Amino acid sequence: QNYLDNFWPDLKAAHELFDSIVQARRERESESQENHGKEYPEHLPVEILEAGIKSGRYLQGTLNVNKHRAQLEAFVRLQGFGSKNTG
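Residues numbered from 1 in each chain as written. Predicted model: local features only at pLDDT ≥ 70, side-chain atom pairs only at ≥ 80, totals over all residues. Heavy atoms only, no water.

So, on to the pattern of salt bridges. Using the criterion set out here, one finds three salt bridges in the structure. Glutamate 16 serves as the salt-bridge partner of lysine 12, at 3.8 Å between the closest nitrogen and oxygen. One end of the pair is lysine 12 and the other is glutamate 16, both in helix α2 (residues 12-34) and four residues apart, which spans about a single turn. Judged by its relative accessible area of 59%, lysine 12 is exposed. Judged by relative accessible area, which is 45%, glutamate 16 ranks as partly exposed. A salt bridge links arginine 25 to glutamate 29; the shortest N-O distance between them is 3.4 Å. Within this pair, arginine 25 and its partner glutamate 29 are both found in helix α2, separated by four residues, close to a single helical turn. Accessibility expressed as a relative area gives 41% for glutamate 29, which makes it partly exposed. (Salt bridge = Lys/Arg side-chain N within 4 Å of Asp/Glu carboxyl O. Helix = DSSP H or I, 4+ residues; strand = E, 2+ residues; numbered from the N terminus. Buried < 20%, exposed > 50% of the residue type's maximum accessible area, 1.4 Å probe, protein only.)

So this is what it looks like as structure tokens:
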């Protein structure tokens with residue numbers, strides 16, 4: 001803000017862009033506080049997930065994503081299985 005005020009006081013578009021960025025950041029921070037610091041809200045409570053894993057209704061695994069082709073390649077390695085199982 002100081003840089004824009006001191007060096008570009010007449011550049012209205014830059015000031016509007018800066019204000020927009022500040023507003024978006026504030027909204028994101030308030031959403032993060034509402035979600036207790038989590039970036040994404042949980043779909044199911046932890047208790048339900050844990051009970052589902054114990055009963056066999058849900059499977060627990062690790063998502064592995066190809067860093068070079070993230071939107072095209074990913075697989076899930078299930079815990080408790082010796083081979084690579086994908087889903």
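The grouping of Tyr3, Phe7, Trp8 and Leu11 at the surface amounts to a nonpolar patch, some 480 Å² of accessible area in total. Counting through the fold element by element, tyrosine 3 comes out in helix α1 (residues 2-7). (Patch = residues over 30% accessible without salt bridge, like charges linked within 9 Å, V, L, I, M, F, W, Y side chains within 5 Å. Areas by Shrake-Rupley, 256 points an atom, 1.4 Å probe, with all protein chains shown as cover.)

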